[in-house]
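Listed here are the chains, written in short residue letters.
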Amino acid sequence: MFFHKKEIQNQQQLKQQVAQAALDYIKPGMVVGIGTGSTVNCFIDALAQIKHKVELTVSSSDESTKRLKEHGFEVVDLNYPNKVDIYIDGADEANKHRELIKGGGGALTREKICRVSSEKFVCIIDESKLVTRLGSFPLPVEIIPMARSYVAKALVALGGQPIYREGFTTDNGNIILDVHNLEIDNPLQLERELNQITGIVCNGLFAVHAADVMLIAKNDGDIEIIK
């Protein structure tokens, strides 16, 4: 399914276009979950056009919270609303099954919590993020700092090359290992395996709870919808 055809010049315009397309999923009175990243920043700016439709927002990062408040949105703790109607977020990589790698910005744990707490997850990306097989983008893994060495060895045993993200601390006070060279033929299985490694708080695979809808901004100006 395609719509909103127009001429596209660059990646920033693609991000703005897919962000605008996501507004169609916002209905009056919704509690809206907001992800993190450059495409989500475009969505927050676009959402300000229909602020009257949004009852409350919840946010996956301090960065997104700041941007939402600058636009005058009420941002509440995820424990406050009875439910989150919809969650809008981007991805670092996505496949046609709506399975994702997320966490390039380091907010993967809060993003995954927002995703599982929401009735619907709409993922917004440009077509450069769509891949045949996940794994070209290093898989972010958030870990407890004292478990860094142990987890790194476990990731090597899985065939990955973990690289410590120097000088970075998550909003939760943890650290990130970016895992290169993983062969992710079965994202669902790998996500479950990683969940069993002691010391890992969260991994950036979104396969157990993949996106419900994926909007993809195409270079020819179309928006592709995958459900």
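Preceding block: the structure.
Residues numbered from 1 in each chain as written. Predicted model: local features only at pLDDT ≥ 70, side-chain atom pairs only at ≥ 80, totals over all residues. Heavy atoms only, no water.

This brings us to the packing of aromatic side chains. Scanning the entire structure with this criterion turns up 1 aromatic pair. Consider the rings of Tyr87 and Phe121, whose centres lie 5.2 Å apart with planes at 45 degrees: the pair is tilted. Here Phe121 lies in strand β7 (residues 121–126) and Tyr87 lies in strand β4 (residues 86–89), a separation of 34 residues in the sequence. The buried category is assigned to Tyr87, whose relative accessible area is 0%. For the cation-ring pair, Lys102 lies above Phe206, with the distance from its terminal atom to the ring centre recorded as 5.6 Å. If you follow Arg148 out to its NZ or CZ, it ends over the ring of Tyr164, 3.8 Å from the centre. (Phe/Tyr/Trp six-rings, centres within 6.5 Å; stacked < 30°, edge-to-face > 60°. Helix = DSSP H or I, 4+ residues; strand = E, 2+ residues; numbered from the N terminus. Buried < 20%, exposed > 50% of the residue type's maximum accessible area, 1.4 Å probe, protein only. Lys NZ or Arg CZ within 6 Å of the ring centre and 35° of its normal.)

We now examine the sheet that holds strand β11 (residues 200–203). Reading across from one edge, β9-β10-β8-β11 is the order of the 4 strands in this open sheet, with antiparallel pairing throughout. Each end of this open sheet is capped by a strand with a single partner; those strands are β9 (161–164) and β11. Taking the axes of each pair of neighbouring strands and ignoring which way they run, one obtains an average angle of 30 degrees across the sheet. This element, helix α4 (residues 108–116), spans β8 (139–143), β10 (175–180) and β11 of the sheet and lies at about 65 degrees to β11. (Pairing = 2+ DSSP bridges. Axes fitted to C-alpha atoms, helices over the stretch in contact; angles between N-to-C directions. Contact = heavy atoms within 4.5 Å.)

Right, let's talk about the nonpolar core for a bit. Note that soluble globular proteins tend to have their nonpolar side chains buried in a common cluster. Counting 30 residues, the largest nonpolar core has Phe43, Leu47 and Leu215 as its most contacted members. Those elements that provide at least two residues to this core are α1 (11–22), β2 (30–34), α2 (38–47), β4, β7, β13 (213–217) and β14 (223–226). In terms of residues, this core owes the most to one element, α2, which gives 6 residues. Contact partners of Leu47, with chain neighbours within four places excluded, come to Leu23, Ile26, Ile34, Val54 and Phe73. Counting residues in each nonpolar core, the second largest holds 20 residues, with Leu139, Ile175, Leu182 and Ile197 among its members. (Core = buried A, V, L, I, M, F, W, Y, C linked by side-chain atoms within 4.5 Å.)

What follows deals with the state of the cysteines. Under the defined criterion, the tally for this structure stands at 0 disulfides. The thiol of Cys114 is unpaired, and the distance to the nearest cysteine sulfur, on Cys202, comes to 11 Å. Cys114 gets classed as buried once you look at its relative accessible area, which sits at 3%. (Disulfide = S-S within 2.5 Å.)

Attention shifts here to a nonpolar patch on the surface. A grouping of Ile144, Met146 and Val201 is seen on the molecular surface, where their side chains present a nonpolar patch of about 310 Å² in accessible area. On the accessibility criterion, Met146 (80% relative accessible area) is exposed. (Patch = residues over 30% accessible without salt bridge, like charges linked within 9 Å, V, L, I, M, F, W, Y side chains within 5 Å. Areas by Shrake-Rupley, 256 points an atom, 1.4 Å probe, with all protein chains shown as cover. Salt bridge = Lys/Arg side-chain N within 4 Å of Asp/Glu carboxyl O.)

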